[in-house]
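A look at the structure
In case you want the letters, here they are:
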Amino acid sequence: MIKYLIFTLFLFCPLVSQAQETSRAGLGFIHNYFPDLRLNEDHFKGASSYTIKINHYEGDFLPVEYGAHMTFGYHQTISFSYGLSFAIVMFPSKPLVLKAGASLDKVKMKETRSEFFIGGRFEDDSHESLKPFLELDIKLVKSLSLIFQASYRFFRSETEYVTDIVTKTTESGSLDEYLILDEKQSYYGAGFNYGFGLQVNF
């Protein structure tokens, strides 16, 4: 799949090379690496993911770029994430373009814990994420750039903890167990993220 995406990026290069110099749209593909990815109380070493992003540079008033992206991979516990980004662009007309910004993401979980004992926890199936980042774009040709990105991700999640198990007798004489849950919100750092990839410039 990765080979087809990279091939598509190169295929579009001759078509967008005729675009005017004032065009600031882009389509990018980034491979991400997490040295130590934290999810709730678990840590995963050497996780990776793949991001497809589109962005638009608007320099009429302020040198800013905004965009949307979707990310797949991560780890087997995460299905995918999607979100929006905003960045201040420095040296937009130079071969080396530096960006400082942040993205807001919704992270959909594939696997969550559901533990039916005192002290156990029930994890939510989605997290919110804030990711400040620095990005360096190196223009190889007018229509193609090499991307390097460094970031740190923060997560917000909701977890319910089992504080007690109550047994009640029903009218029919059978016993039913009820869980007493205490919901807590968690804000924590999920770790550094390093990425590289290619972007087609329109």
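Computed from a prediction, not measured in an experiment: that's the story for all the values here.

**Quick word on a nonpolar patch on the surface**
- On the surface, a cluster of nonpolar side chains totalling about 910 Å² of accessible area is made up of Tyr66, Phe86, Ile88, Met90, Phe91, Leu96, Leu98, Leu136, Phe148 and Phe196.
- Sorting the residues of the nonpolar patch by element identifies strand E4 (78–90) and strand E5 (96–109) as the ones contributing at least two each.
- With 3 residues, the single largest contributor to the nonpolar patch is E4.

**A word on the confidence of the model for the protein**
- With 88% of its residues at a pLDDT of 70 or more, the protein shows a mean pLDDT of 83.
- In the predicted structure, residues 1–23 sits below a pLDDT of 50 and forms 25 contacts with residues beyond four places in sequence or in another chain.

**Let's talk about the environment of Val89**
- Of note, Val89 is situated in strand E4.
- The class for Val89 is buried, based on a relative accessible area of 4%.
- Not counting chain neighbours up to four residues away, the residues in contact with Val89 comprise Tyr57, Pro63, Val64, Glu65, Val97, Leu98 and Lys99.

**A word on the pairing of strand E2 (residues 42–58)**
- The sheet contact formed by strand E1 (residues 25–39) and E2 spans 14 bridges and is antiparallel. The residue bridging Leu37 from the neighbouring strand is Phe44, located in E2.
- What sits between E1 and E2 in their antiparallel hairpin is a turn of 2 residues, with Asn40 showing a positive phi close to 55°.
- Pairing of E2 with strand E3 (residues 64–74) involves 11 bridges; the strand directions are antiparallel. Looking at E3, one finds that Asn55 is bridged to Gly67.
- Here E2 folds back onto E3, and the loop between the two strands holds 5 residues.

**Some thoughts on the packing of aromatic side chains**
- For the structure on display, the rule yields 7 aromatic pairs.
- Note that Lys184 overlies the ring of Tyr161, its terminal NZ or CZ placed 5.6 Å from the centroid.

Conventions adopted
- Residues numbered from 1 in each chain as written.
- Predicted model: local features only at pLDDT ≥ 70, side-chain atom pairs only at ≥ 80, totals over all residues.
- Heavy atoms only, no water.
- Patch = residues over 30% accessible without salt bridge, like charges linked within 9 Å, V, L, I, M, F, W, Y side chains within 5 Å.
- Areas by Shrake-Rupley, 256 points an atom, 1.4 Å probe, with all protein chains shown as cover.
- Salt bridge = Lys/Arg side-chain N within 4 Å of Asp/Glu carboxyl O.
- Helix = DSSP H or I, 4+ residues; strand = E, 2+ residues; numbered from the N terminus.
- pLDDT = per-residue confidence, 0-100.
- Contact = heavy atoms within 4.5 Å.
- Buried < 20%, exposed > 50% of the residue type's maximum accessible area, 1.4 Å probe, protein only.
- Pairing = 2+ DSSP bridges.
- Phe/Tyr/Trp six-rings, centres within 6.5 Å; stacked < 30°, edge-to-face > 60°.
- Lys NZ or Arg CZ within 6 Å of the ring centre and 35° of its normal.

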